[in-house]
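Commentary on secondary and tertiary structure
One-letter residues, chain by chain:
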Amino acid sequence: MKLSTSILLSLLAVSEVTQAMLPIHIKQYRFIKPSSADNNATENEVFYVKGLDYQPGGSSGYDPDGDSDVLSDPEKCARDTFVFQQLGINTVRIYSLNPDLNHDKCMTILNNAGIYVILDVNSGNYGENLDRSDPWGTYNSQYIGRVFRFIDAFKNYPNVLGFFSGNEVINDQKNYASIDPPYIRAVQRDMKQYIEKHSNRTIPVGYSAANTVDLRLATYRYLQCNSLDGNTVNKALDESRSDFFGLNTYEWCSGTSDWQSSGYDVLNSTFSDAVIPLIFSEYGCNKNLPRTFDEVTDGLYPASGLGNLFSGGLVYEYAEEANNYGLVDMDDSDGSITYKEDFDNFKSALGKLNDSTTHESQYNGNSLYRCNATAITSVYENFGVSNFTIPDQPSDIAKMIKYGVNGTNVGKILTNYTAPTTFNYTIKDSDNNTVDAKITYNQTNLLNALRAVESAAASSSETSIASTTQTSEQSSTSSHSSTSTKSKKSKGAAAHIGGPFAETGLLAVLISALL
């Protein structure tokens, strides 16, 4: 059959795809992983974070003026990705990255291996974070401009699960809980507006909270609320709320804690009204070594524990540092890795989980949550509710949102790169035996691809996923928010097709047919 030139051109347009994992999106208080390119809610599954915190070298290992970070060396990334696969994890959190370095190879390796990432957009260096002691002075275009460059650098990687806007900025020292909360919302507002304007998909923006019992509850209630009257969504509050909430908690200690003594029962009751996903952004008490991670099987993941409310967590941490939280020992002289008993025990705990499948279609409620000052200050009296007023957006930040920051480093998953299966580092198990190390890549991470354009030749129609909310025009929130024209984008993975063109010679056939 002779195909028309117009149809062939349409097929060629569709063929410009990226081989990559399907992005995670959010439905109510759950992360959702599309089961296929169709993104069918009856088939999409609830996604549980099974991961670890990953920052070899600690905070001192990051140099903003250096030419490397933890995702810039593909050989080291391949080494660590193999270890991730042996553990059986699906997600890593990374605290400090340089937005001006190229991360394409490492992110492609992680993607092809089935690993999602949650990225902190800040670092501990001056000008690269919101100073909790001076939020009004450090919330400026220099800092936010770097955040926007960071978003540009990572927005096109579909295995970016989300961004953390801050880590333990709000804490119980001095007056920080009073002065910082509105500025966290301001940063999240700016990030989400920038993503809306400059990314082709919605990328969740969350916050990682300190585990002070009363303060964590106040912070959670403040950051997830999006309605002043409890009936209608307030636009300014909705775009500044956290899309997900992380909690750094070390209450369950191996061998000595249980459901009650760890306080997990309190977590289960006080966070039961969640309308956004909850995770442990750090966990793994090291009071008793080696850690056995019984909180994995008895507390965090089972439905009889926190599994009906929380969406998993991230164990602290990958490589051993002076604080004795590492799962592996890393030899700085030759880069070799040796598993610790903690590694074996965490792997064993994850392997014991009985994963049940829950589908997206089972969640049909809304994500409306009332901003109730009394409910917040009743648990932490000096929390800075500030009548839910958010700091005005400076004009120079509004301009960056409108026009972009012209970042020269915009990452992408590589289609012309063969991800390595081996590497030049030695891996040893906890008995000091050398491990035969080889990375495996599941084809399901390669064959799902974002649609480049819609095509009449596809012979099927798609339903665009859109979220409609009522908005309140109440004036208690910021009056200087940037406005932007909304572009059509996927909610995680709303418009996807399989990627056969990238895997076969059909592209050449189409070109030949045109000629």
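Below is a summary of the structure that appears in this document. (Residues numbered from 1 in each chain as written. Predicted model: local features only at pLDDT ≥ 70, side-chain atom pairs only at ≥ 80, totals over all residues. Heavy atoms only, no water.)

Considerations on the sheet that holds strand S4 (residues 49–53)
Pairing within the closed barrel is parallel, and its eight strands lie in the order S4-S5-S6-S7-S8-S10-S11-S12. Between one strand and the next, the sheet's axes are offset by a mean angle of 25 degrees, whatever the strand orientation. Here helix H7 (residues 181–198) sits on the sheet in contact with strand S7 (160–167) and strand S8 (205–209), set at roughly 155 degrees to S8. (Pairing = 2+ DSSP bridges. Helix = DSSP H or I, 4+ residues; strand = E, 2+ residues; numbered from the N terminus. Axes fitted to C-alpha atoms, helices over the stretch in contact; angles between N-to-C directions. Contact = heavy atoms within 4.5 Å.)

A closer look at the state of the cysteines
Under the definition given, this model contains three disulfides. Between the sulfur of Cys77 and that of Cys106 lies a disulfide, 2.1 Å long from S to S. Disulfide Cys77 to Cys106: torsion about the S-S bond roughly 90 degrees, handedness right-handed. Residue Cys77 is found in helix H2 (residues 74–87), and its partner Cys106 is found in helix H3 (residues 104–112); the two are separated by 29 residues along the sequence. A residue is classified by how much of its surface remains accessible, and Cys77, at 3% relative accessible area, is buried. Two residues share a disulfide in this structure: Cys253 and Cys285, whose sulfurs sit 2.0 Å from each other. Negative torsions about the S-S bond denote left-handed disulfides, and the value of about 85 degrees found for Cys253 with Cys285 makes this one right-handed. Of this pair, Cys253 sits in the loop between strand S10 (244–248) and helix H10 (264–270) while Cys285 sits in the loop between strand S11 (278–283) and helix H11 (294–300); the two residues are 32 residues apart in sequence, bridging distant segments of the chain. Numbered in order of appearance, the disulfide-bonded cysteines of the chain are paired 1-2, 3-6, 4-5. (Disulfide = S-S within 2.5 Å. Buried < 20%, exposed > 50% of the residue type's maximum accessible area, 1.4 Å probe, protein only.)

Comments concerning the environment of Ala209
When you line up the elements, Ala209 lands in strand S8. Sequence separation between Ala209 and Gly166 is 43 residues, and the spatial gap between their C-alpha atoms is 8.2 Å. For Ala209, the residues in contact, after removing those within four places along its chain, are Glu168, Phe245, Gly246, Leu247 and Asn248.

A short note on the pattern of salt bridges
Under the counting rule described, the total for this entry stands at 14 salt bridges. Two residues, Asp100 and Arg149, come together in a salt bridge whose shortest N-O distance is 3.2 Å. Separated by 49 residues along the polypeptide, Asp100 in the loop between strand S5 (91–94) and H3 and Arg149 in helix H5 (residues 141–154) bring together distant segments of the chain. Given a relative accessible area of 46%, Asp100 falls into the partly exposed group. Arg149 sits in the partly exposed class, given a relative accessible area of 28%. (Salt bridge = Lys/Arg side-chain N within 4 Å of Asp/Glu carboxyl O.)

Here's the deal with unusual backbone geometry
Looking along the chain, the bond that leaves Leu289 and enters Pro290 is cis, with omega of -5 degrees. Between Tyr316 and the following residue, Glu317, the backbone shows a cis peptide bond with an omega angle of 0 degrees. The residue Glu317 is located in the loop between strand S12 (312–315) and strand S13 (328–330) in this model. A positive phi angle, near 55 degrees, is found at Asn39, a position not held by glycine. Along the chain, Asn39 turns up in the loop between strand S2 (30–33) and strand S3 (45–47). The buried category is assigned to Asn39, whose relative accessible area is 8%.

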